[in-house]
Amino acid sequence: MGNDIDRAGVARAYGLWAPVYDLVFGKVFDPGRQSTIEIANAIGGRILDVGVGTGLSLSDYASTTKLYGVDLSEPMLRKAQQRVRSLNLTNVETLAVMDAKNLAFSDSFFDAVVAQFVITAVPDPEATLDDFVRVLKPGGELILVNHIGAESGPRRLFELGFSPLARRLGWRPEFPWARLVNWAAKHGGVTLFERRPMRPMGHFSLIRYRKS
């Protein structure tokens, strides 16, 4: 399930987005970004930011955290690296091109994994979530912000109609909550303890899991 967008297509799409990403998505996604960072800062320790993109979030993390950022798009990461240098973000340990489904980190390495607007932009969301949990310490948190698709009604129809174009732009708009419910049940090693709507218009959700 989920192999309806491909890795090369996503990398190509976000390479094209890189020059304008901050301008187009900076303000729109800011509430979700700030909410995840607030939680991650409270946890502290080693934090993995998956889909770090142009590094918009990096300067908002507490300087006491140890940040590791990964992204599939090399052009996006180049902008993140420039941001790290220009702002002298000495707490950023690593920025690396990496497939979110095959993270090159050891088991139980991170205190928190943050993935902002990532799950709908990967070919295999469930396997990707599995690897996020793998690299978390027991008791660590997986903190997601993501678009959750409508179950019915006009928005559901719009998402289905928009889907072919959205995939060319790098994500899938129809992503029902049931996929996360089913993933967590099958995985068996995580507990959901928060889901709350985010702006704009509650179409995004902040979702927190704790590893058993």
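Residues numbered from 1 in each chain as written. Predicted model: local features only at pLDDT ≥ 70, side-chain atom pairs only at ≥ 80, totals over all residues. Heavy atoms only, no water.

1. Observations regarding the sheet that holds strand β6 (residues 190-198)
Keep this limit in mind: Paired strands, as defined in this entry, are two strands with at least two bridges between them according to DSSP. Numbering of helices and strands runs from the N terminus; a helix is a DSSP stretch of H or I covering at least four residues, while a strand is a stretch of E covering at least two. Axes here mean lines fitted to C-alpha atoms, for a helix over just the part in contact, with angles spanning 0 to 180 degrees between N-to-C directions.
Strand order in the open sheet formed by seven strands is β3-β2-β1-β4-β5-β7-β6, with mixed pairing between adjacent strands. A strand with exactly one partner marks an edge of an open sheet, and here the two such strands are β3 (92-97) and β6. Across the sheet, the mean angle separating the axes of adjacent strands is 15° when strand polarity is ignored. For strand β5 (residues 136-147) and strand β7 (residues 204-211), the ladder comprises seven bridges, and the chain directions are antiparallel.

2. Topic: the packing of aromatic side chains
Where we set the bar: Only Phe, Tyr and Trp rings take part, Trp by its six-membered ring, and two of them pair if their centres are within 6.5 Å. Stacked means planes under 30 degrees apart, edge-to-face means over 60, and tilted covers everything else. Exposure categories follow from relative accessible area, calculated using a 1.4 Å probe and restricted to protein chains: below 20% of the type maximum is buried, above 50% is exposed, and the middle band is partly exposed. Consider the ring centre and the ring normal. A charge sits over the ring if Lys NZ or Arg CZ is within 6 Å of that centre and within 35 degrees of that normal.
Applying the stated criterion across every chain yields a total of eight aromatic pairs. Between the aromatic rings of tyrosine 68 and phenylalanine 105, the centroid separation amounts to 6.0 Å while the plane-to-plane angle is 85°, which identifies the pairing as edge-to-face. In this pair, tyrosine 68 sits in strand β2 (residues 66-71) while phenylalanine 105 sits in the loop between β3 and β4 (110-116), placing the two residues 37 residues apart along the sequence. Across the pair, phenylalanine 105 and tyrosine 68 agree in class, each one buried. Their ring planes at 85° and their centres at 5.6 Å tell us that phenylalanine 117 and phenylalanine 204 sit as a pair that is edge-to-face. On the criterion of sequence distance, the pair formed by phenylalanine 117 in the loop between β4 and α5 (125-134) and phenylalanine 204 in strand β7 is long-range, its members being 87 residues apart. Ring pairing ties together the aromatic residues Tyr68, Phe105, Phe109 and Phe110, which thus form one cluster. Above the face of the tryptophan 177 ring, arginine 195 is positioned so that its terminal group lies 4.0 Å from the ring centre. It is arginine 210 that lies over the ring of phenylalanine 193; its NZ or CZ is 4.3 Å from the centre.

3. Section: α5
Our working rule: Contacts are residue-level and defined by heavy atoms, with any inter-residue pair within 4.5 Å sufficient.
Burial analysis of α5 places seven of its ten residues in the buried class, which makes it a mostly covered element. Listed in full, the buried residues belonging to α5 are Pro125, Glu126, Thr128, Leu129, Asp131, Phe132 and Val133. Residues of α5 that are buried make contact with β1 (46-50), β4, β5, α7 (177-187), β6 and β7.

4. Observations regarding the side chain of serine 205
Assignment of secondary structure puts serine 205 in strand β7. Look past the residues within four positions of serine 205 in its chain and what remains in contact with it is Leu144, Val145, Asn146, Ile148, Arg195, Arg196, Pro197 and Met198.

5. What to know about helix α3 (residues 30-43)
Note on helix geometry: an α-helix contains 3.6 residues per turn, so any two residues three or four positions apart are oriented the same way. To keep it simple, the criterion reads: The span expected for a helix works out to 1.5 Å for each residue beyond the first.
Look at α3: 20 Å from first C-alpha to last across 14 residues, which is about the 20 Å you get at 1.5 Å a residue. Looking only at α3, the buried set comprises Pro31, Gly32, Arg33, Ser35, Thr36, Ile37, Ile39 and Ala40. Following α3 by one or two positions, glycine 44 adopts a phi angle in the positive range, close to 70°.

6. Concerning the pattern of salt bridges
The cut-off we apply is this: A pairing counts as a salt bridge when a side-chain nitrogen of Lys or Arg comes within 4 Å of a carboxyl oxygen of Asp or Glu.
Summed over the entire model, instances satisfying the criterion amount to ten salt bridges. A salt bridge links glutamate 93 to lysine 66, with the shortest nitrogen-to-oxygen separation between them at 3.9 Å. With glutamate 93 in strand β3 and lysine 66 in strand β2, the pair connects residues that are 27 residues apart, well separated along the chain. Here glutamate 93 falls in the partly exposed class, since its relative accessible area comes to 42%. Connected through shared salt-bridge partners, Glu141, Glu194, Arg196, Arg208 and Arg210 make up one network.

7. Quick look at the pairing of β5
The cut-off we apply is this: Crossovers are marked right-handed if the path from the first strand over the helix to the second runs clockwise, as seen with the strands pointing away from the viewer.
With nine of twelve residues buried, β5 is to be regarded as a mostly interior element. Both β4 and β5 contribute to a ladder of six bridges, which runs parallel. For valine 114, the partnering residue across the bridge sits in β5 and is isoleucine 143. Taken together, β4, α5 and β5 form a β-α-β motif whose crossover is right-handed.

8. A few points about the confidence of the model for the chain
Our working definition: The pLDDT value expresses, per residue, how confident the predictor is, ranging between 0 and 100.
Of all residues in the chain, 73% have pLDDT values of 70 or greater, and the mean over the chain is 84. Model confidence for the chain, summarised as mean pLDDT per element, is weakest for helix α6 (residues 153-169) at 57 and strongest for β1 at 98.

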